[in-house]
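Here are the chains, one letter per residue:
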Amino acid sequence: MALRLKIWGCRGSVPAPGADTVTYGGNTSCVEVMLEDEEALVFDAGTGIRALGADLVRRGARQINLFLTHLHLDHLEGLRFFAPLWNPAVKLEIWGPRSPVLSLRERILRGFSPPLFPLDFRDVPAQVTFHDLPGEPWRRDGLTLFTDLVLHPGPTLGFRIESGDAVLAYVPDHEPALAGIEDRTLDWLSAGAIARGADYLLHDSQYLEDEYPTKIGWGHSSVADAVAYSRAVGAERLVLFHHEPERSDQGLESLLSRARELADGDEPPVLAREGMEIELG
Amino acid sequence: MTPPQKHLVLILAREFASNLSTPALVADARWRLVYYNEAAEAYVGKRFAETGEVALDEWLASFEPRTAGQEPLPPERRPGRIAFDERRASHLRFHITSADGVERDIEVTAFPLFAHTDEFVGVVALFWTV
C-alpha cells in the first residue's frame, strides 16, 4: 500500500500568517497520512489542524486517530478548533506522551479548560479516548506506526510509519546535536530507531547555523544539524520542517540553498510547505 | 523495526556524564555497563570505546573492591548494585585497585534512573578518590 501524506502546517513555535509566508504557510504543525474510507490519521494539532478538520467534515470522517508528538502549544493549540471534535458521531482517539507523573489525558485537560478556554473538555461532544505513548506499535490496514521519545524539552515523541517498503519518519521538534550526531552509533542517536533508513524524514530545521549558538537547548536544530542527522540515520530524503516564525518565504529559500550545499552528494533536501502532498512506495 | 535503541534517558545520562570532570559510569536496565566518561578512564586504564558494553559485575570485579578492613566487598553492598537491585540511591567509601595498579580509597554515589515511576532504565554512578 502506498503511503500518502499531506502537510497542513509546518511552521514552528507560533503561527506566522502574512504576505511574507504565503508560499510555505504560517500554520503550525499538522500532517495527515491519508487513509481510505472514513478514517483519518493525523499527526499534531497545531493550527494547521483547523483546515484539516473542515476537510474531514466534508469527507465524512468518523474515526480519527490523532498522534501528538508533544504538548507544546504550537502542536496542540488547533485541537480546540478541530471541527470533528464538536460532532458527537466522531470517534477521536488521541495518542501522545504522558509525563513522568501525569497521563496524556490529565495533561491535555489542563489546557482545555478555563481560563485558557471557555469550555471544559467534558463539554466536547465527540467520543474521545486518550492513549499514553510510547507503547506498542499501532497497526491499521497494512500500516505500522512506531513511537519513541526524542530529544526536546519535556516528553516528546518521534513517529515512524511503515507501509510495505515505504517508511516515513516524523520528528518535527528535535535537537539531536545536544547528545551528538556524527560521533554516535545509531542506537545512541536520539530517534535513531525512528528515523533509520526512512524514505522521507520530516525533521526540525528551525535555525540557520549562525542563529543556533544562542538557541542551544531550546529543542530545535540548525539546518546543518538537520542535514548531518539525516545523513547519520541514512534517510533517503530530508524534508525541512518546523520553520522559524520570523523566516519569510525568501528566507526559507536561502535556508534551503544552504541545506542543499551541506547535503552535497545526498538527495537534495526539500522545504515542507503547507498543502504539500508526498507519496511513498 | 530496528536494532535496539537506547532509552532517551540513557542517552541524556551519557551526555551528562560526558560533560563531567567527575568520573561517572552509566549502566542500563540489564545491569550492563553502557558508558563511562573520560574522567573514569584514569581508573579503568582504557577508553570506553575499547571496553565496549560489558556485564557490570564481572567488569567491576577486576578492580577488586574491598572494605576498609581489606575484606572483599560483596556485590550486594556496592552502591551501584544497591541502586540496581533496590532501586534507591546509595553511597559508600571503599578501596579498589585501579588499572594502573594503584590502590585507591574511593567514594561512590549511585542512583537509579526512572523514566516513569514504573519504568526503570538504568543506573548512574559517580566516584572519586578520597
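The structure contained in this document is the topic of the report that follows.

Cut-offs used in this document
- All residue numbers refer to positions counted from 1 along the written sequence of the respective chain.
- Chains and ligands are labelled by the order in which they are written, letters from A for the one and numbers from 1 for the other.
- Reporting in this predicted model follows two pLDDT cut-offs: at least 70 for local features of residues, and 80 or more for side-chain atom pairs to be given and counted; totals over whole chains, interfaces and linings ignore these cut-offs and use all residues.
- For the side-chain quantities, the full set of heavy atoms in the structure was used; hydrogens and water were omitted.
- By nonpolar core we mean a set of buried residues, namely Ala, Val, Leu, Ile, Met, Phe, Trp, Tyr and Cys, connected to one another through side-chain atoms within 4.5 Å.
- In this scheme, a residue with accessible area under 20% of its type's maximum is buried, one over 50% is exposed, and one in between is partly exposed, where area comes from a 1.4 Å probe on protein chains only.
- Helix and strand definitions follow DSSP, with helices as H or I runs of at least four residues and strands as E runs of at least two, each counted in order from the N terminus.
- Any two residues having at least one pair of non-hydrogen atoms within 4.5 Å are treated as being in contact.
- The term buried area denotes the loss of accessible surface (1.4 Å probe radius) that occurs when two parts are joined, taken as the sum for both partners.
- When a carboxyl oxygen of Asp or Glu lies within 4 Å of a side-chain nitrogen of Lys or Arg, that pair is called a salt bridge.
- Under the rule applied, a polar contact is a pair of N or O atoms within 3.5 Å (in protein, one hydrogen donor and one hydrogen acceptor; residues adjacent in sequence only if both atoms are side-chain atoms).
- Polar here means any residue other than Ala, Val, Leu, Ile, Met, Phe, Trp, Tyr, Cys and Pro, which are nonpolar, and Asp, Glu, Lys and Arg, which are charged; Gly is therefore polar.

### Quick look at the nonpolar core
For step 1, the next point in the chain: In this structure, A:Phe43 and A:Leu202 are the most contacted members of the largest nonpolar core, which totals 72 residues.
For step 2, the next point in the chain: Among the elements that line this core, the one with the most residues is strand 6 (residues 119–129) of chain B, at seven residues.
For step 3, the next point in the chain: In contact with A:Leu202, other than residues within four places in its own chain, are A:Leu5, A:Ile7, A:Val31, A:Leu168, A:Ala169, A:Tyr170, A:Val171, A:Pro172, A:Val239 and A:Phe241.

### Examining the interface of chain A and chain B
For step 1, the next point in the chain: Listed by partner, the interface residues are 22 residues for chain A and 20 residues for chain B.
For step 2, the next point in the chain: Both faces considered, chain A and chain B share a buried interface measuring about 1900 Å² in area, 60% of it formed by carbon and sulfur atoms.
For step 3, the next point in the chain: Where chain A meets chain B, there are three salt bridges.
For step 4, the next point in the chain: Ionic pairing is found between B:Asp118 and A:Arg98, a salt bridge with its closest N-O pair at 3.5 Å.
For step 5, the next point in the chain: Linking chain A to chain B there are eight residue pairs in polar contact (both at pLDDT 80 or more).
For step 6, the next point in the chain: Going through the elements one at a time, strand 8 (143–149), strand 9 (157–163) and helix 3 (192–195) of chain A are the ones with two or more residues in the side of chain A that touches chain B.
For step 7, the next point in the chain: Residue contributions to the side of chain A that touches chain B peak at three residues, all from strand 8 of chain A.
For step 8, the next point in the chain: Of the residues that constitute the side of chain A that touches chain B, the class distribution is 12 nonpolar, three polar and seven charged.

### Some details on the side chain of B:Glu15
For step 1, the next point in the chain: Checked against the element boundaries, B:Glu15 lands in helix 1 (residues 8–18).
For step 2, the next point in the chain: Separated by 3.1 Å, the side chains of B:Glu15 and A:Arg184 make a polar contact.
For step 3, the next point in the chain: In contact with B:Glu15, other than residues within four places in its own chain, are A:Leu178, A:Ala179 and A:Arg184.

Keep in mind these values describe shape, not function.
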